[in-house]
Amino acid sequence: MASLFSKYEGLAGSLGAVVAAGGRNPFAVVIEKPLSSTVGVIEGRETLLFGTNNYLGLSQSVRAIKAAQAAAEACGVGTTGSRIANGTQSLHRQLERKIADFFHRRDAMVFSTGYQANLGMISALAGKDDYLLLDADSHASIYDGSRLSAAQVIRFRHNDPDDLYKRIKRLDAPDAAKLVVVEGIYSMTGNVAPVAEFAAVKKETGAYLLVDEAHSFGVLGEHGRGSAEAEGVEADVDFIVGTFSKSLGTVGGYCVSDHPELELVRLNCRPYMFTASLPPEVIAATAAALEEMQEHPELRAQLMDNAARLHAGFVRLGLNASQRVSPVIAVTLETVEQAIPMWNRLLELGVYVNLSLPPATPDSRPLLRCSVMATHTAAQIDQALEIFRQAAEDCNVPLSAKETAA
Ligand SMILES: Cc1ncc(COP(=O)(O)O)c(C=O)c1O
C-alpha cells in the first residue's frame, strides 16, 4: 500500500543531514522570550536578533501595544468571519483609508497576511487569457498566486528589465493583458529592483505593473513608501502590494491602487473572501505603528546607518556580503559544509541569523541572511561582527580580510 509520506523520505534525509552537521534543527528555533526588538532568549541565552524582518523595531512599539489592548477591550479579540461577510468592522475600513492615504492612492484592500495579498491580487487580476511576467527570484507567495491564477506564466531573469522587454515582445498574443510582478527589495539577498527601468518597460509595452514592497515599505523612499517612491515612479505602478509583518511589526497584507475596479476585485479574490479577517487588536496596532512610522522618519535614517555599519564590518572581515547596502545583508558562503556549523556557532555565541540552503538560494550557494533594525545599537552591531569573526575562525571559514569600505 502506498504511503502518503513516501514523498517525505528525501526531505527527512536532508533534514537529518543538516541536524547531524550542526547539532540542531535551524528551522525550529524557538525565541523563548523576546526581551526587546533586538534581543531574545534562545536556548536559555540572551541572543542578539539579526534575522528578523522587524526593520523599524515596531513589534515592540508601546503605542501599538496600547492600541491593541484598547481595541481588544472595545471590540473583542476576533471577527470570526471574512471581509465580505461578517468580518469587516469600522476599524478595517479606517485602516484601509489610512493605507490608501499614506500611498496617495484611491483605495486599499487589507488582507489577513502579506502572503494572501500576493496570492489574492495575482490570482484575481490575471485570468486565463492573460500573461503573468515574474522575476525569476520571486517570493513563494508570488509563485503561488500565479498557480492559483489560470494565466500563462513567464519568468524573466532576476532584476533584468531588458530580458523582460524581450520576453514581452516575443509573446504569441501581443495584445493580451500582461501583468509584470517585481519586488522592491528581495528578501534573501537584499537586492533592490531597478523599478524605474521596469516602469519604462511597462509603459513601452502597455503592461500593468505590480510591485511587492514587502521588504521596502517603511525602508526605501523619503516617506517610506518603498522602491517606487525612491525611484520617483509611483505613478507608473498600478498595484503596490505589501505586508504589515515587517516594518510595521504586526501581521497582515495590503494592496493599494488607483484602479476603481479594486472594489470589484474584493468579490473575485479567494484569499480575501474565504478566510477570516484580521482581529481588531491587530488592525489597531497596525494603524498605530503606521502613525509611528510616519512621525519618525529618523527611524529609517537610523536603519540605513545601521545597515551601512554592518555591511562595512562584513567587508572589513573579508566575508562575502551582498553588494548593495540594504537592511537585508546576505553573507554568502561557498559550501553547505561551512554554512551549517557557522550558523550553529553564531547561535551558540549569541547571534541569531537565518540559514538559507540551496536549492532555496538564488545562486546555489548557502547564505547567512542577516537583517538590521533601526533599534540595533552600534555596540550590538559591533558585537555581532566580533561574533561572526569568532564563528568563522572556529569553523575554519576563510576570511580574505579585505579592508575595502562598503
Ligand atoms: C517578498 C515577500 N512578499 C510577501 C511576503 C509575505 O508576507 P507575510 O509573511 O506577511 O505573509 C513575504 C514574506 O516573507 C515576502 O518576503
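Quick note: structure is the one above.
Figured I'd write up the structure that's included with this text.

Definitions and limits used
- Residues numbered from 1 in each chain as written.
- Predicted model: local features only at pLDDT ≥ 70, side-chain atom pairs only at ≥ 80, totals over all residues.
- Heavy atoms only, no water.
- 1 Å grid on protein atoms, 1.4 Å probe; cavity = no way out; pocket = protein on both sides within 12 Å on 5 of 7 lines; lining within 4 Å.
- Points joined across faces, edges and corners; volume = space filled by probe spheres on them.
- Helix = DSSP H or I, 4+ residues; strand = E, 2+ residues; numbered from the N terminus.
- Core = buried A, V, L, I, M, F, W, Y, C linked by side-chain atoms within 4.5 Å.
- Buried < 20%, exposed > 50% of the residue type's maximum accessible area, 1.4 Å probe, protein only.
- Domains from an automatic or database assignment.
- Contact = heavy atoms within 4.5 Å.
- Pairing = 2+ DSSP bridges.

**Thoughts on empty space enclosed by the protein**
Here is step 1 of the chain: Evaluation of the coordinates by the stated rule reveals one cavity of 30 Å³ or more.
Here is step 2 of the chain: The calculated volume of the largest cavity comes to roughly 50 Å³.
Here is step 3 of the chain: For the lining of the largest cavity, the elements supplying multiple residues, two or more each, are strand 4 (107-111) and helix 10 (270-273).

**Section: the nonpolar core**
Here is step 1 of the chain: Judged by nonpolar contacts, the single largest core of 53 residues is most densely connected at Ile99 and Val180.
Here is step 2 of the chain: In terms of residues, this core owes the most to one element, helix 11 (residues 280-295), which gives six residues.
Here is step 3 of the chain: Among the domains, domain 1 (13-49 + 297-405) and domain 2 (61-295) are the pair contributing at least three residues each to this core.
Here is step 4 of the chain: When near neighbours in sequence (up to four residues on either side) are disregarded, isoleucine 99 contacts Ala108, Phe244, Tyr254, Val256 and Leu290.
Here is step 5 of the chain: Membership of the second largest hydrophobic core comes to 39 residues, among which are Leu49, Ala307, Phe314 and Phe388.

**Points about the pairing of strand 10 (residues 253-257)**
Here is step 1 of the chain: In terms of residue burial, strand 10 counts as a mostly covered element, since five of its five residues are buried.
Here is step 2 of the chain: By the alternation rule, side chains of strand 10 split into Gly253, Cys255 and Ser257 and Tyr254 and Val256, which are all buried.
Here is step 3 of the chain: The pairing of strand 4 with strand 10 spans five bridges and is antiparallel. What sits directly across from alanine 108, in strand 10, is valine 256.

In short, shape yes, function no, at least from these values alone.
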